[in-house]
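Structural features, examined
Here is how the chains run, residue by residue.
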Amino acid sequence: MSFRDDNEEGRDLKKPFLHTGSWYRMSSRQSSIMGSSAQVLRDGSISVVLCVLIVALGPIQFGFTCGYSSPTQDQIISDLKLSISEFSIFGSLSNVGAMVGAISSGQIAEYIGRKGSLMIAAIPNIIGWLAISFAKDSSFLFMGRLLEGFGVGIISYTVPVYIAEISPQNMRGSLGSVNQLSVTIGIMLAYLLGLFANWRVLAVVGILPCTLLIPGLFFIPESPRWLAKMGMIEDFEASLQVLRGFDTDISVEVNEIKRAVASSSKRTTIQFADLKRKRYWYPLTIGIGLLMLQQLSGINGVLFYSSNIFERAGVSSSNVATFGLGAIQVVATGVTTWLVDKAGRRLLLMISSSGMTLSLLLVAVAFYVEGSVSGDSDLYSIMGILSLVGLVAFVISFSLGVGAIPWVIMSEILPVNIKGLAGSVATLANWFTSWAITMTANLLLTWSGGGTFTIYAIVAAFTIVFVTLWVPETKGRSLEEIQSSFR
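Residues numbered from 1 in each chain as written. Predicted model: local features only at pLDDT ≥ 70, side-chain atom pairs only at ≥ 80, totals over all residues. Heavy atoms only, no water.

Here we come to the overall build of the protein chain. The helix and strand inventory of the protein chain stands at 23 helices and zero strands. By the burial criterion, 57% of the 487 residues in the protein chain qualify as buried. Accessible area for the protein chain stands at about 18,900 Å²; split by element, carbon and sulfur atoms hold 67% of it. (Helix = DSSP H or I, 4+ residues; strand = E, 2+ residues; numbered from the N terminus. Buried < 20%, exposed > 50% of the residue type's maximum accessible area, 1.4 Å probe, protein only. Areas by Shrake-Rupley, 256 points an atom, 1.4 Å probe, with all protein chains shown as cover.)

Here is the structure:
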C-alpha cells in the first residue's frame, strides 16, 4: 500500500466523534433563502459567541464541582459521620480524578475531536453527581467525586483549546477568558444554592450543566484547525466559514492554517530529545509554569474552605460571606474578559500577581496578630475585618489575570504537533498542584493561618518575576504567528 493510501486510511480512523450534519456547509446564497433564522449564522462574531456559550457549560460544571465542598462541609460530615481528614480526602478526590482526565485529555481531543472529548467528559460528570446525591457512606461519595474529577480534567483542557481554535485573533483573549468566567459562575452558583439546598439536592442540581451541554454539542461546528490537521479539508473550510460568517472572505486564514498544518506534519513523531529544541521546551515551560503558579497561590484552598476561613476570621454568617466572595469573583473575571484583548496578557498578569502578593501579606499579618491578642479585644475584631478585606482583594486580584490568562496562553502557545501531549502535561501539572493545595489547606490552616498565607504570598511574588522574564505577549497575533515565533 502506498504512503498516500496509509495516510488516507489513518484519516478515516479519525473521523469526528460528533457529526453536526450538513447545516454549516450551506453557502452564502443557500443560507440567505432561509430568512431571519439564518441571519444569526451569517454574522461570524455572533456564531463564534454562540459556540463559546454552549461549550462554556463545561467550565460551569467545573466551577460547580470546585464550589460544592465549601457550603456542604458541615452537612456531609454530620450526615455521613465523616472526620475532617475524610472530608479533606473527599474535597481533594476531584483533583485526583482530574489528573487522570488531564493525562488522557490531549489524546482524546486529538483522536476524536474537541466536541467528542466534551461529550465523553459530560457522561462521568452526570454519573458522579448522581452517586454523590444517593451516597449512604463515604465509598459512593468518594467514587462520585472521582468521576466528576475525571470529566472536569478533560473539560479543563478541551474548552480553552476549542475556544482558542475557533476565535478570530482580535477576540481570542476575551472569548478565551469566558472559560474562567464560567468557572467562577459555577462556583458562585454552588455557594448561592448551598445557602438554601441540602447537599443531596445540590448534587442533583450539579447534573444540569452537562445535561444541557450534550445536546448543545450537536449544534456547533468542530474546531476548524483540528479538522485541517486530520486532513478533512471540506469540513475544515465549511466550519471556518460558518464561524467567520457566510459573507466573509476566509481565504487568507485558510491558507495560514494549511501552511501551519503542513509544516507541523513534516515530522509527526516527536522524540523526547526534540523537547530540547526551543520551539518545544520554551512554550511548554511557560504553559506548565503559569498553570502551576496559578494553583500554588492557594486559590483553591481559599475557595474550597472559604467558609471555614471566614469563621476563623470571626465572620458569623460565613456561608453568606462565601457567596459574596463568589459573586465578586464573577464580576472581576468579567472585567478581565473585557480587558484582556485591550490591555494584553502580560500587563494583566503582572497587575494580578502584584495585587495577590499584597493582599495575601495583609491576610497573613491579620492572622499573626489575631493569634497574639485576646479574642475579646477590639484589635481582634479589627484583624478579622482586615483578613476579610485581604481575602476579597486576593480573589479580585486573582480574577483580574492569574485566574483566566494562564489557560488562554496555554491554548495559544503550544505548537500544533505537540498540543495534545503537551496540553495534557500542562493540565496534569495544574491539577496535581491543585490537589496538593486542596489536600494541605485545612492542615496548614490548623498549623498556622499566618504561616499558610505567607507561603502563598511568596509564590504570588515569584509569579511576578516569572511573567516579567519569560511570558511573551500574544495579544493581536494569530495562533500560527505565535507558535512560529518560538522556532
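The structure having been displayed, the exposition proceeds.
So, on to the environment of K475. Mapped onto the elements of the fold, K475 is located in the loop between α22 (449–470) and α23 (479–484). The sequence separation of K475 and V340 amounts to 135 residues, and the corresponding C-alpha distance is 8.0 Å. Leave out the neighbours within four places in its chain, and K475 touches V340, D341, K342, A343, G344 and R345. There is a polar contact of 3.2 Å between the side chain of K475 and the backbone oxygen of K342. (Contact = heavy atoms within 4.5 Å. Polar contact = N/O pair within 3.5 Å; in protein donor to acceptor, adjacent residues only side chain to side chain.)

Within helix α10 (residues 208–216) the residues assigned to the buried category are P209, C210, L213 and G216. Buried residues of α10, viewed axially, fall in a sector of 120°; they line one side. (Arc of directions from axis to C-beta.)

The angle between the axes and the distance between the axes are what describe a pair of packed helices. Here helix α5 (residues 57–80) crosses helix α7 (residues 138–166) at 160°, and the two axes come no closer than 9 Å. As summarised for this structure, α5 and α7 are arranged roughly antiparallel, according to the angle between their axes. Once α5 is placed against α7, the crossing between them reads as left-handed. From α5, G58, P59, F62, T65, Y68, S69, I76 and L80 reach across to α7, where they touch L141, R145, E148, V152, I155, S156 and V159. (Axes fitted to C-alpha atoms, helices over the stretch in contact; angles between N-to-C directions. Parallel < 35°, antiparallel > 145°, perpendicular 65-115°, else oblique. Left-handed = near helix turned anticlockwise from the far one by under 90°.)

Going through the model one piece at a time under the given rule, you end up with 12 aromatic pairs. Judged by centre distance (5.1 Å) and plane angle (75°), the rings of Y68 and W129 are edge-to-face. Of this pair, Y68 sits in helix α5 while W129 sits in helix α6 (residues 84–133); the two residues are 61 residues apart in sequence, bridging distant segments of the chain. Residue class for Y68 comes out buried when judged on its relative accessible area of 0%. Sitting above the plane of the F90 ring, R145 keeps its charged end 4.8 Å from the centroid. (Phe/Tyr/Trp six-rings, centres within 6.5 Å; stacked < 30°, edge-to-face > 60°. Lys NZ or Arg CZ within 6 Å of the ring centre and 35° of its normal.)

Now for helix α20 (residues 405–413). Counted residue by residue, α20 has nine buried out of nine residues, so it is predominantly covered. Taken together, the buried positions of α20 are I405, P406, W407, V408, I409, M410, S411, E412 and I413.

A word on the confidence of the model for the protein chain. In this model, the protein chain carries an average pLDDT of 82, and 85% of its residues clear a pLDDT of 70 or more. Within the model, pLDDT remains below 50 along residues 1–13, and this stretch shows five contacts once partners closer than five positions in the same chain are excluded. Note on residues 20–42: pLDDT under 50 across the span, and 41 contacts to partners over four residues away in sequence or across chains. (pLDDT = per-residue confidence, 0-100.)

Attention shifts here to the packing of α6 against α10. The N-to-C vectors of α6 and α10 enclose an angle of 150°; their axes lie 9 Å apart at closest approach. What the angle tells us is that α6 and α10 run roughly antiparallel. Between α6 and α10 the crossing geometry is left-handed. Contacts from L118, M119, A122, N125 and I126 of α6 reach α10 at C210, T211, L213 and I214.

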